[in-house]
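# Architecture and fold: a report
Read off the chains here:
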Amino acid sequence: MSNLLVRADGVEYVTSYPTVDDGVRGVAFIENVVTHSSYRGKGYATEKAAQLLVSMNCSSYVLNIGGNIRIIGTKKDGSGWKTGIKDPSGDTLYALYLEISDTSCVTSGDYERYYTVEGTRYHHIIDKDTLMPATYFSSITILAKDSGLADALSTALFSMSYEDGRALVDSLEGVEAIWIYKDKTIVYTDGVNPINLES
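Residues numbered from 1 in each chain as written. Predicted model: local features only at pLDDT ≥ 70, side-chain atom pairs only at ≥ 80, totals over all residues. Heavy atoms only, no water.

What follows is about the overall build of the protein chain. Per the secondary structure count, the protein chain includes three helices and 13 strands. Counting the 199 residues in the protein chain, one finds 36% classified as buried. When the accessible surface of the protein chain is totalled, it reaches about 11700 Å², and 53% of it is carbon and sulfur. (Helix = DSSP H or I, 4+ residues; strand = E, 2+ residues; numbered from the N terminus. Buried < 20%, exposed > 50% of the residue type's maximum accessible area, 1.4 Å probe, protein only. Areas by Shrake-Rupley, 256 points an atom, 1.4 Å probe, with all protein chains shown as cover.)

And the structure:
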């Protein structure tokens, strides 16, 4: 069995995994592996915090937990909250802006957690087919009421073709998506309404 030490920053220090030889199927033995639990925990924790606030009769609130945004209700005037979707290329601060209410906004991308070796950037979202960093997009943003679902979908869609990801999103009620390609092309579902902050 694995030996885990989970720190407050979300890093799990894994001293070992079981092997096929240990009687466990499909798991390789790897010594001193370091993994990060934010891919599965941050969205869930954000949603639990939102549910707690709702249970305390909070009707208008914005949670920003490590970049996972969960909005409860609207502003006092009934308008939504404005947020920017980060430009993964770094050419501008934001690629587009949204006004959203009573939803979650979660982005997965290749531009914050990465390292470069001999001119090649390696990031943290692994394509299950190639076992290498996914290369379809620079970022995926999901809008969905449940932050846990949005977190899971943003990571999953990052490793899927646009066609497969779009089909999945279109099959889910109340879920919208924004794809930003490496060439800076932005594609989004019909329910996404970018705003111009200068108007």
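On we go.
Bringing the packing of aromatic side chains into the picture now. Counted under the stated rule, the structure contains five aromatic pairs. Ring geometry for Y136 versus F137: centroids 5.9 Å apart, planes at 35 degrees, classification tilted. Given the relative accessible area of 1%, F137 is considered buried. We note R121 situated over the ring of Y114; from NZ or CZ to the ring centre the distance is 3.8 Å. (Phe/Tyr/Trp six-rings, centres within 6.5 Å; stacked < 30°, edge-to-face > 60°. Lys NZ or Arg CZ within 6 Å of the ring centre and 35° of its normal.)

A sheet is described by the order of its strands in space; here six strands give the open sequence β4-β5-β8-β11-β12-β13, paired in antiparallel fashion. Strands at the two margins of the open sheet, each flanked by one partner only, are β4 (61-65) and β13 (186-188). Averaged over all pairs of adjacent strands, the angle between their axes in this sheet comes to 15 degrees, without regard to strand direction. Where strand β8 (residues 104-109) lies against strand β11 (residues 139-144), six bridges are found, and the strand directions are antiparallel. Bridge pairing in β11 links V106 to I142. Running over the sheet, helix α2 (residues 147-158) touches β5 (68-72), β8, β11 and β12 (176-180) and is turned about 25 degrees from β8. Sheet contacts for helix α3 (residues 162-170): β12 and β13; angle to β12, the most-contacted strand, approximately 165 degrees. (Pairing = 2+ DSSP bridges. Axes fitted to C-alpha atoms, helices over the stretch in contact; angles between N-to-C directions. Contact = heavy atoms within 4.5 Å.)

Before going further, it helps to examine the environment of K86. Mapped onto the elements, K86 comes out in strand β6 (residues 81-86). Classification of K86 by relative accessible area gives partly exposed; the value is 38%. Aside from chain neighbours lying at most four places away, what touches K86 is L93, Y94, A95, Y111, E112 and I180. A distance of 3.1 Å separates the side chain of K86 from the side chain of E112, its partner in a polar contact. (Polar contact = N/O pair within 3.5 Å; in protein donor to acceptor, adjacent residues only side chain to side chain.)

Further remarks concern the pattern of salt bridges. Scanning the model with the defined rule gives 10 salt bridges in all. The salt bridge partner of K145 is D102, with a shortest N-O separation of 2.7 Å. Of this pair, K145 sits in the loop between β11 and α2 while D102 sits in the loop between β7 (94-100) and β8, and the two are 43 residues apart along the sequence. Exposure remark for K145: the relative accessible area of 42% places this residue in the partly exposed category. (Salt bridge = Lys/Arg side-chain N within 4 Å of Asp/Glu carboxyl O.)

It is worth spelling out the layout of surface pockets at this point. Considering only enclosed or pocket space, the largest pocket measures out at about 680 Å³ in volume. The wall of the largest pocket is formed by 26 residues, among which K42, T107, S108, G109 and E112 lie closest to the centre. The dominant element in the lining of the largest pocket, judged by the number of residues it contributes, is β8, at five residues. Grouping the constituent residues of the lining of the largest pocket by class yields nine nonpolar, 12 polar and five charged. (1 Å grid on protein atoms, 1.4 Å probe; cavity = no way out; pocket = protein on both sides within 12 Å on 5 of 7 lines; lining within 4 Å. Points joined across faces, edges and corners; volume = space filled by probe spheres on them. Nonpolar A, V, L, I, M, F, W, Y, C, P; charged D, E, K, R; others polar.)

The subject of this paragraph is the nonpolar core. I140, I142, L157 and W179 are the most contacted members of the largest nonpolar core, which totals 16 residues. Of all the secondary structure elements, the ones that give two or more residues to this core are β11, α2, α3 and β12. It is α2 that contributes the most residues to this core, four residues altogether. Once residues within four sequence positions are removed from consideration, I140 is found in contact with V106, T107, S108, S154, L157, F158, I178 and W179. Counting residues in each nonpolar core, the second largest holds 11 residues, with L96, C105, L143 and V192 among its members. (Core = buried A, V, L, I, M, F, W, Y, C linked by side-chain atoms within 4.5 Å.)

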